[in-house]
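Here are the chains, one letter per residue:
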Amino acid sequence: MTEPISVLFVCLGNICRSPLAAAVFRQVATEEGVESRFRIDSAGTSGYHNGEPPDSRTTATAARRGVEVTGTSRQITGTDVEEFDYLVAMDADNLRAVERLVERVGVGDDGPAVHLFREFDPEAAGDLEVPDPYYGGPRGFDDVHDLVERSAHGLLEHLRERHDL
Ligand code: 4NP
């Protein structure tokens, strides 16, 4: 068995964007028949919502669009930095926090590849953030879902090329 390609999606609270990103990415990988090649998880840069299920607005929007979002919020750890091949941040603040953690853990050249998720959104047009929908209205959740779907397809394409999938 080859080692799975491990991808950790990271946002602030791990109740809205990153659990959704993980669920959508898993679904896209399943549709393309490569899900078994991946270890997919999500985490928050904060522990504000540790132990909580995903936000009900995220799960409701996703369910309407055929995606089941599951999981229990947890904060990213140094072990994640050591174990995961890809750390995929939702916005610039998350990215900075992840980069600081990577530096603290000191994994050097063996460390994970760190990306912003929307680097893989073909319609990003220079805006590389998945905006935080937490304090916005329900429309924010549909918009976020759109960005996440496009980015998930783009990320899978990137990984298929890099890993010959
Ligand atoms: P997430 O959204 O980072 O996409 O999970 C948020 C959830 C909670 C908070 C902020 C963003 N909060 O401040 O509690």
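Residue positions are counted from 1 within each chain, in the order its sequence is given. Per-residue local features of the predicted model are confined to residues with pLDDT of at least 70, and side-chain atom pairs are confined, for both listing and counting, to 80 or more; whole-chain, interface and lining totals are unaffected and use all residues. Side-chain measures were taken over the full set of non-hydrogen atoms in the model, leaving aside hydrogen atoms and water.

1. With respect to the packing of aromatic side chains
The rule is short: rings of Phe, Tyr and Trp, with Trp giving its six-membered ring, pair when the centres are within 6.5 Å, and they are stacked under 30 degrees, edge-to-face over 60, tilted in between. Inspection of the entire model under this criterion finds four aromatic pairs. Taken together, a centroid distance of 5.6 Å and an interplanar angle of 55° make the contact between phenylalanine 9 and phenylalanine 25 tilted. With phenylalanine 9 in strand S1 (residues 5-11) and phenylalanine 25 in helix H1 (residues 17-31), this residue pair connects regions lying 16 residues apart in the sequence. Residue phenylalanine 9 shares its accessibility class with phenylalanine 25, and that shared class is buried. Taking the centre distance of 5.3 Å and the plane angle of 70° together, the rings of phenylalanine 9 and phenylalanine 117 count as edge-to-face. A residue pair is termed long-range when its members are at least 10 positions apart, and phenylalanine 9 in strand S1 and phenylalanine 117 in the loop between strand S4 (113-116) and helix H5 (138-163) qualify at 108 residues. Throughout, exposure labels follow a simple rule: accessible area from a 1.4 Å probe, protein chains only, divided by the maximum for the residue type, with under 20% read as buried, over 50% as exposed, and the rest as partly exposed. Classification of phenylalanine 9 by relative accessible area gives buried; the value is 0%. Each residue in the set Phe9, Phe25, Phe38 and Phe117 is aromatic and connected to the rest through ring pairs, giving one cluster. Comment: elements are numbered from the N terminus, with helices defined as DSSP H or I runs of at least four residues and strands as E runs of at least two.

2. Quick look at the environment of valine 34
Mapped onto the fold, valine 34 is located in the loop between H1 and strand S2 (38-44). Valine 34 gets classed as buried once you look at its relative accessible area, which sits at 8%. In this description, contact between two residues means that some pair of their heavy atoms is separated by no more than 4.5 Å. Dropping the residues within four chain positions of it, valine 34 is found in contact with Ala29, Leu156, Arg160 and Leu165.

3. A closer look at the site of the ligand
A cutoff of 4 Å decides nearness: a residue is near a molecule or strand if any of its heavy atoms lies inside that distance of it. Contacts to the ligand come from Cys11, Leu12, Gly13, Asn14, Ile15, Cys16, Arg17, Tyr48, His49, Asp132, Tyr134 and Tyr135. The separation between an oxygen atom of the ligand and a polar main-chain atom of leucine 12 is 2.9 Å. Pairing of N or O atoms within 3.5 Å defines a polar contact, subject to two protein rules: one partner must be a possible hydrogen donor and the other a possible acceptor, and residues neighboring in sequence count only if both atoms are side-chain atoms. Side-chain polar atom of tyrosine 135 to an oxygen atom of the ligand: 3.3 Å apart, as the coordinates give it. Working definition of accessibility: Shrake-Rupley area with a 1.4 Å probe, residue cover restricted to the visible protein chains. Expressed as a share of its isolated accessible area of 360 Å², the protein-covered part of the ligand is 93%. All residues other than Ala, Val, Leu, Ile, Met, Phe, Trp, Tyr, Cys, Pro, Asp, Glu, Lys and Arg, Gly among them, are scored as polar; the first ten of these are nonpolar and the last four charged. Tallied by class, residues from the shell around the ligand come to seven nonpolar, three polar and two charged.

4. Overview of empty space enclosed by the protein
Residues are said to line a cavity or pocket when one of their atoms sits within 4 Å of a point; the points come from a 1 Å grid over protein atoms alone, cavities being sets where a 1.4 Å probe fits but cannot get out and pockets being open sets with protein on both sides within 12 Å along at least five of seven lines. Grid points are joined across faces, edges and corners, and a volume is the space filled by probe spheres set on the points. If you walk through the whole model with that rule in mind, you get one cavity of 30 Å³ or more. One number sums up the size of the largest cavity: a volume of about 40 Å³. Lining the largest cavity we find Cys16, Arg17, Leu20, Thr58, Thr61, Ala62, Pro133, Phe141, Val144 and His145. Elements with a minimum of two residues in the lining of the largest cavity: H1, helix H2 (56-64) and H5. Across the lining of the largest cavity, the residue classes break down as six nonpolar, three polar and one charged.

5. What to know about the sheet that holds S1
Only strands that DSSP links by at least two bridges are regarded as paired with each other. The sheet built from four strands is open, its strands ordered S2-S1-S3-S4 with parallel pairing. The strands lining the two open edges of the sheet, one partner per strand, are S2 and S4. Here the strands of the sheet are splayed against their neighbours by 20° on average, with no regard to which way each runs. Here S1 runs beside strand S3 (residues 86-89); their pairing, made up of four bridges, is parallel. Across the sheet, the residue bridging to valine 7 is tyrosine 86, located in S3. All axes are obtained by fitting lines to C-alpha atoms, using only the stretch in contact for helices, and the reported angles, taken between N-to-C directions, cover 0 to 180 degrees.

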